[in-house]
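A look at the structure
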Amino acid sequence: MTPFKTLTSRTVVLPAANIDTDQIIPARFLTTTTKQGLGREAFHDWRYDKDGAAKPDCILNQIDPAEHRVLVAGRNFGCGSSREHAPWALTDYGFRAVVSTEIADIFTSNALKNGLLPVVVDEETHARLVEHAGEPVTIDLQASELRMGNHVVRFTVEPFSRECLLDGVDALGWLAGRIPAIEAYEREHAA
Amino acid sequence: MTPRSLYEKVFDAHVVEAETPERPAVLYIDLHLIHEVTSPQAFTELEARGLKVRRPDRTVATMDHSTPTLPPDAEGVRPYATIQARRQVDQLERNCSAHGITLHDWESPHRGVVHVIGPELGLTQPGMTVVCGDSHTATHGAFGALAFGIGTSEVGHVLATQTLLQRRARPMRVTVDGRLSRGVSGKDLALAIIAELGFGGGTGGVLEYAGDAVRGLGMEGRMTVCNMSIEAGARAGLIAPDATTLAWLYGREAAPDGEAFDRAAKRWLSLASDDDAVFDREMQLNAFTLRPMATWGTTPDAAVAIEDAVPQPATTAARKSLDYMRIEAGKPLAGQAVDVVFVGSCTNGRLADLRAAAEVLRGRHVAQGVRMLVAPGSDAVRREAEAEGLDRVFLAAGAEWRLAGCSMCIAMNGDQVAPGQLAVSTSNRNFEGRQGPGARTILASPASAAASAVAGCVADPRPYLDSAA
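An account of the accompanying structure is given in this report.

On to the overall build of chain A, then. From N to C terminus, chain A includes eight helices and seven strands. Radius of gyration (C-alpha) of chain A: 18 Å, near the 16 Å computed for a compact globule of 191 residues. By its C-alpha atoms, chain A is 60 × 45 × 25 Å across when sized along the principal axes. Residues classed as buried in chain A amount to 57% of the 191 residues present. Looking at chain A alone, contacts between residues at least 24 apart form 66% of all its contacts between residues at least 6 apart. With an accessible surface of roughly 7800 Å², chain A has 49% of that area assigned to carbon and sulfur atoms. Each charge sign in chain A was given a centre, from 19 positive and 27 negative side chains, and these centres are 3 Å apart.

Two faces make up the sheet, and in a regular strand the side chains alternate between them. Residues and elements named next belong to chain B. Where burial is concerned, the two faces of strand β4 (residues 59-62) agree: the one with T59 and A61 and the one with V60 and T62 are both buried. Pairing analysis gives three bridges linking strand β3 (residues 31-34) to β4, with the strands arranged parallel. Counterpart to I34 in the pairing with β4 is A61. The handedness of the β3 to β4 crossover, carried by helix α2 (residues 40-48), is right-handed. Pairing between β4 and strand β5 (residues 102-104): three bridges, direction parallel. Bridged to T62 within β5 is H104. Handedness of the β-α-β unit built from β4, helix α3 (residues 83-99) and β5 comes out right-handed.

Looking now at the environment of V374 of chain B. All names here are of chain B. Tracing the backbone shows V374 in strand β16 (residues 371-374). With relative accessibility at 0%, the residue V374 sits in the buried group. When the C-alpha positions of V374 and V304 are compared, they lie 24 Å apart, and in sequence the two are 70 residues distant. Beyond its immediate stretch of four places on either side in the chain, V374 contacts V343, L354, F394, A399, E400, W401 and R402.

Okay, the interface of chain A and chain B next. On the side of chain B, 60 residues touch chain A, which itself brings 49 residues to the contact. Interface area, chain A with chain B, both sides summed: about 4400 Å², of which 58% is carbon and sulfur. Interface area lost by chain A to chain B is led by T31, L172 and Y185 of chain A, which between them contribute 15%. At the junction of chain A with chain B, the criterion picks out eight salt bridges. A salt bridge links R167 of chain B to E158 of chain A; its shortest N-O distance comes to 2.5 Å. If you look at where chain A meets chain B, you find 25 residue pairs in polar contact (both at pLDDT 80 or more). Only α1 (21-24), α3 (85-93), α4 (105-112), α6 (159-167), α7 (171-176) and α8 (179-189) of chain A provide two or more residues apiece to the side of chain A that touches chain B. A total of seven residues in the side of chain A that touches chain B trace back to one element, the largest contributor, which is α8 of chain A. Classifying every residue of the side of chain A that touches chain B gives 17 nonpolar, 16 polar and 16 charged.

The next point concerns the nonpolar core. Counting 88 residues, the largest nonpolar core has F43, F77, L90 and F107 of chain A together with M372 and F394 of chain B as its most contacted members. Non-local contacts of L90 of chain A, meaning those with residues more than four positions away in its chain, are made with I24, F43, L71, F77, F95, V98, F107 and L116 of chain A. Y209, M223, I239 and L443 of chain B belong to the second-largest nonpolar core, a separate cluster that totals 41 residues.

A separate point is empty space enclosed by the protein. The method is simple in principle: a probe with the dimensions of a water molecule rolls over the atoms, and the space it marks as empty is what remains. Enumeration according to the criterion identifies three cavities of 30 Å³ or more in this entry. In this structure, the largest cavity is lined by 24 residues; those nearest its centre are H65, D134, H136, I410 and R434 of chain B. A per-class count over the lining of the largest cavity returns nine nonpolar, ten polar and five charged. Put simply, the second largest cavity is a space of about 100 Å³. In terms of lining residues, the second largest cavity is bounded by 14 residues, among which C79, G80, A104 and D105 of chain A together with I230 of chain B are the most central. Counted by class, the lining of the second largest cavity contains six nonpolar, six polar and two charged residues.

This part covers the sheet that holds β5 of chain B. Remark on secondary structure: sheet strands pair via backbone hydrogen bonds, oriented parallel or antiparallel. Residue and element names in this part refer to chain B. Strand order in this open sheet of five strands is β5-β4-β3-β6-β7, and the pairing throughout is parallel. Whereas interior strands pair on both sides, the edge strands pair on one side only; in this sheet they are β5 and β7 (146-149). Neighbour-to-neighbour, the strand axes of this sheet turn through a mean angle of 20°, independent of strand direction. The sheet contact formed by β3 and strand β6 (residues 129-132) spans three bridges and is parallel. Along β6, the bridge assignment pairs L33 with C132.

Residues and elements named next belong to chain B. Here helix α6 (residues 186-197) crosses helix α8 (residues 219-227) at 25°, and the two axes come no closer than 8 Å. Considered as vectors, α6 and α8 are oriented roughly parallel to each other. Considering how the two elements wind past one another, α6 and α8 form a crossing that is right-handed. Residue-level contacts link G186, K187, L189, A190 and I193 of α6 to G221, T224 and V225 of α8. Within the contact of α6 with α8, the residues separate by chemical class into four nonpolar, three polar and one charged.

It is worth spelling out the packing of helix α13 (residues 351-361) of chain B against helix α16 (residues 446-455) of chain B at this point. All names here are of chain B. Between α13 and α16, whose axes approach to 8 Å, the crossing angle comes to 30°. As the angle between them shows, α13 and α16 are arranged roughly parallel. The crossing of α13 and α16 is right-handed. Residue-level contacts link D353, A356, A357, V360 and L361 of α13 to P446, A447, A450, A451 and V454 of α16. The class makeup of the residues in the contact of α13 with α16 is nine nonpolar, no polar and one charged.

Residue position: E17 of chain B is located in strand β1 (residues 15-17). Owing to a relative accessible area of 15%, E17 of chain B belongs among the buried residues under this scheme. A polar contact of 2.9 Å, which involves the side chain of E17 of chain B, links it to the side chain of R178 of chain A. E17 of chain B has contacts with W174, R178 and A181 of chain A together with R23, A25 and V26 of chain B, leaving out every residue within four places of it along the chain.

The next thing to look at is helix α11 (residues 316-325) of chain B. One full turn of an α-helix is made of 3.6 residues, so residues set three or four places apart face in the same direction. Residue and element names in this part refer to chain B. Residues A318, S321, L322, Y324 and M325 constitute the buried set of α11. Buried positions in α11, seen along its axis, are confined to an arc of 160° and lie on one side of it. Exposed residues pointing more than 90 degrees away from the buried face of α11 are listed as T316 and D323. For α11, the secondary structure elements touched by its buried residues are β18 (422-425) and β19 (440-443). Immediately downstream of α11, the backbone of R326 shows phi near 55°, a positive value.

Now for the environment of C79 of chain A. Residue and element names in this part refer to chain A. With respect to the helices and strands, C79 occurs in the loop between β2 (70-73) and α3. Since its relative accessible area comes to 4%, C79 is described here as buried. Taking the C-alpha atoms as reference points, C79 and D20, 59 residues apart in sequence, are found 4.7 Å from one another.

Reading the values: rules and limits
Residues numbered from 1 in each chain as written. Chains lettered and ligands numbered in written order. Predicted model: local features only at pLDDT ≥ 70, side-chain atom pairs only at ≥ 80, totals over all residues. Heavy atoms only, no water. Helix = DSSP H or I, 4+ residues; strand = E, 2+ residues; numbered from the N terminus. Rg over C-alpha atoms; globule rule 2.2 N^0.38 Å. Buried < 20%, exposed > 50% of the residue type's maximum accessible area, 1.4 Å probe, protein only. Contact = heavy atoms within 4.5 Å. Areas by Shrake-Rupley, 256 points an atom, 1.4 Å probe, with all protein chains shown as cover. Lys, Arg positive; Asp, Glu negative; His and termini not counted. Charge placed at Lys NZ, Arg CZ, Asp CG, Glu CD. Pairing = 2+ DSSP bridges. Right-handed = clockwise from strand over helix to strand, strands pointing away. Buried area = accessible area lost by both parts, 1.4 Å probe. Salt bridge = Lys/Arg side-chain N within 4 Å of Asp/Glu carboxyl O. Polar contact = N/O pair within 3.5 Å; in protein donor to acceptor, adjacent residues only side chain to side chain. Nonpolar A, V, L, I, M, F, W, Y, C, P; charged D, E, K, R; others polar. Core = buried A, V, L, I, M, F, W, Y, C linked by side-chain atoms within 4.5 Å. 1 Å grid on protein atoms, 1.4 Å probe; cavity = no way out; pocket = protein on both sides within 12 Å on 5 of 7 lines; lining within 4 Å. Points joined across faces, edges and corners; volume = space filled by probe spheres on them. Axes fitted to C-alpha atoms, helices over the stretch in contact; angles between N-to-C directions. Parallel < 35°, antiparallel > 145°, perpendicular 65-115°, else oblique. Left-handed = near helix turned anticlockwise from the far one by under 90°. Arc of directions from axis to C-beta.

This is the structure:
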């Protein structure tokens, strides 16, 4: 996993509330057996018409993803399914952070495991980000701060996931190291 | 001792290492269900790290999401929608075979939608922790199990260690008093609960469903209610076990039998929230006033009684929803012309659901121009339905009778609603394009779906139940 320490990048704003995982990556693209290459299909039905041509009015077709790594979205972002294809598609497109006033539970868990930082902010900060769409922001995970000009807000990330992100390691290695405790639990609970 | 909710009791009983401020608890998983869509990358990760599946005996696989629901051709070739879909299923077969995991494949009489077969086989039992790479895993909570959906990375964690890192969620309780009227089902109750809680109203929480109306539901209705917990944002939903739960489990293949069943039953019946357990949020609902419900928008909480007027949009999101759905506020959903009707899915693909749809369809015909598709939740449900003659009721009414699978609920196997078409569906999500690009979805109960198929427009099923055609 790519470590996440500090990111300074421009935002893209998708103001709609309840952007569900079927919008982020439609189910018909879930037949893949790898994690790679899903960026092309991220927000597929928003970006392409029924003949597969890019819609020029879709903001995601207008920007250079390398310059806009922060997605600002309406409340309850990532609701719906547990598909990890959603953060895979977003990171493959180029995003490193998602900022909203509310982010769905399973999406949050999946994002954290893929170097995509979910940042929950208050309404006022969100409104400011929407108003200044496309401007650069700095997201500093070490300080747990989001900075835009003089506006600074703190955000929280589950501490263990935060350490994993800062170090660029995932939890599987750590869990695999708990086998003796797991074996003890199994012995104790054997029927 | 501090009073605890049912959720907290099940959680605590599975703690391998306790939660600290720095680190979530290490939670033991009793049952891991896997399917073709969310598991391949997890196996790849395990192999890359030289890890084995730690407990293949606690892992059960099925193929359901990308599998065709039409039978094989004369040469025995199954009509997969794409080569990719076929390859995904092949990969599941290879992974299960390499790691010694039981797979309910095409040859198994138990193949079916993952959340239908777990309870059907008696694999899902009270007090267990059950996970699956699928957000509708909460279905199993109907048995008083703590069941929730996980992502593919976590599928890898469970395959390798049989544990997950989890923090305790906030317990919430929905109490439904009274009794559901005839023609009003678990699905209508689920839609009413979600409408009340709001889409995202359960985020960070685990829902417990209680009260006489919940007790009065059969296991299938309870599964429907728990299934849709995620549509309110809650990762899990659960119901305390009772005599109904025991009756379902008794005699099931994987359930204990003889004296072992009696011992287990005693333990299972003791699983309940303490009287003075504290819930983060409590909600009360009365079942007597509930009527058949349907959704008008593109989030599952946008539900209203079929005969009532669709509310005026209060937000930009609601207005956008109505525009997409091409539904007018101020008018009831009843009478809205329908193109497609789907009965099936992990929400409503069980025998009781098919019976409810067949009761409406018996002696009647699907309206001209309406396509109705019925996909049983499992091969066992298909066999039982056929033994009762339900397949003949569907076929005589002009509906398509398919093989078991997720089918048109997630529309990744080729069973799709065409762009712009309006579907009444017994599934769980009405998101834009969920049932195919540009598809418009109204969620409703099996009886309402069948009534809508007959009427050719969204219809309240109750008039169809009181008099035979």
